[in-house]
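In case you want the letters, here they are:
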Amino acid sequence: MKSIKKVALAAALVLSLAGVAEARDQIRIVGSSTVYPFSSAVAEEFGATNKQFKSPVVESTGSGGGHKLFYAGVGPDTPDITNSSRRMKVEELETNAKNGVTDITEAKIGFDGIVIAQNIGNGDMNLTLKDLALAVLEEVPVDGKLAPNPYKTWKQLNPSLPDRKIVIYGPPATSGTRDAFIEMVVEKFTGKDETFKAVLGKDAAQYKKIRQDGPYVPAGENDNLIVQKLTKDTEAVGIFGYSFLAENKDRIKGCTVEGNPPTFDNISSAKYPISRALYFYVKDAHIGKIPGLKEYVDLFMSEKMIGDAGYLKTIGLIPLPAAEREKVRKDVTGFKKLTAEDLK
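Conventions we followed
- Residues numbered from 1 in each chain as written.
- Predicted model: local features only at pLDDT ≥ 70, side-chain atom pairs only at ≥ 80, totals over all residues.
- Heavy atoms only, no water.
- Pairing = 2+ DSSP bridges.
- Helix = DSSP H or I, 4+ residues; strand = E, 2+ residues; numbered from the N terminus.
- Right-handed = clockwise from strand over helix to strand, strands pointing away.
- Buried < 20%, exposed > 50% of the residue type's maximum accessible area, 1.4 Å probe, protein only.
- Polar contact = N/O pair within 3.5 Å; in protein donor to acceptor, adjacent residues only side chain to side chain.
- Contact = heavy atoms within 4.5 Å.
- Domains from an automatic or database assignment.
- Buried area = accessible area lost by both parts, 1.4 Å probe.
- Salt bridge = Lys/Arg side-chain N within 4 Å of Asp/Glu carboxyl O.
- Nonpolar A, V, L, I, M, F, W, Y, C, P; charged D, E, K, R; others polar.

**Quick notes on the pairing of strand 1 (residues 28-31)**
Piece 1. Sheet analysis places strand 1 next to strand 2 (residues 57-58), joined by two bridges and oriented parallel. The residue of strand 2 that forms the bridge with Arg28 is Val57.
Piece 2. What joins strand 1 to strand 2 is helix 2 (residues 36-49), and the crossover it makes is right-handed.
Piece 3. Across three bridges, the pairing between strand 1 and strand 3 (residues 81-84) is parallel. Paired with Val30 across the two strands is Thr82, which belongs to strand 3.

See below:
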């Protein structure tokens, strides 16, 4: 029976791969809203310079949503690439394998900063990781125990901040930006703060429940919508990738975090404390089946796109160091298989 099942599975995989070529002649890309503008720019250039192929379709589904679509299996109904503003998790790689997606290539394309931005007409805001964590957490220590977050204005949690209502338009639970924000802001603060450690002990660094009483507003996967909200709502701040700030400096401005403004130089030098790497993942079984997929990957990883003078730098991508960029390019264009060890 096991042999029969294996043969049936192999036959189904062959049929699904054959169906990829028959059913779809256009690259399908899903995933991170942060990587979306970079992926879209490459797709546009690909369509303009490779007339023999159709332009890829790029959807902004959020990193988590993209990974779910990606690991659903192999075949024409599944994406070829998923963009991600965080690294793939080991459990996601394992789910891929269970669903027949056994060969995946990881492409690290550069760096990005998570920006806290506001209306350009507002006064400057100088925030700390503590300010940000206390603004978004569901509960905070009060008299030696956790209690519902009482902070309604920025001034209540820090007297040096403006007396403005806390309204934060941020990424939803499916977003890699939210995952990265929680890891680099919330968990970093709770793991070191003495009041949290006094209440939660060794579990303090794991406390990351985001409040649902109004101040934190999950604003969907389209970061452009958050930018639009900030142009109208002068009380609010928004959380999104640096590229959206770079593209909208006539309407919004970034808040300083731990004394460092979210500039290109501060992010690339790691002075700005909320920085992370950006990725996309390729379903290797679709190479040679989806027209143009290999060529799209080659273009994305080229100096023309991700180099020090590449086009993506002009729209907000922080390039990798030259030596790392060359190594990553070699691995990606050679479609090196991603393993669980790579993710540890």
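Moving on from the coordinates now.
**A closer look at the side chain of Lys108**
Piece 1. Of note, Lys108 is situated in strand 4 (residues 104-119).
Piece 2. By relative accessible area, Lys108 is classed as buried at 19%.
Piece 3. Here the side chain of Lys108 touches Glu324 through a polar contact of 2.8 Å, side chain to side chain.
Piece 4. If we skip the residues at most four places from it in the chain, Lys108 touches Ala277, Leu278, Tyr279, Met301, Leu320, Glu324 and Val328.

**Some thoughts on the domain arrangement of the protein chain**
The figure often quoted for interface size is the accessible area lost as the parts come together.
Piece 1. One can read the domain layout of the protein chain as domain 1 (22-111 + 276-343) and domain 2 (113-275).
Piece 2. Here the C-alpha centre of domain 2 lies 28 Å away from the C-alpha centre of domain 1.
Piece 3. Taken residue by residue, the interface counts 21 residues in domain 1 and 21 residues in domain 2.
Piece 4. Taken together, the two surfaces of domain 1 and domain 2 that pack against each other cover about 1500 Å², and 58% of this comes from carbon and sulfur.
Piece 5. When the buried surface of domain 1 facing domain 2 is broken down by residue, Ser33, Arg276 and Ile318 rank first, second and third, together holding 42% of it.
Piece 6. Across the contact surface, domain 1 and domain 2 share one salt bridge.
Piece 7. Contributing elements (two or more residues each) for the side of domain 1 that touches domain 2: helix 2, helix 3 (63-70) and helix 14 (311-314).
Piece 8. Considering every element that reaches the side of domain 1 that touches domain 2, the biggest residue donor is helix 3, with three residues.
Piece 9. Looking at side-chain class alone, the side of domain 1 that touches domain 2 contains six nonpolar, 11 polar and four charged residues.

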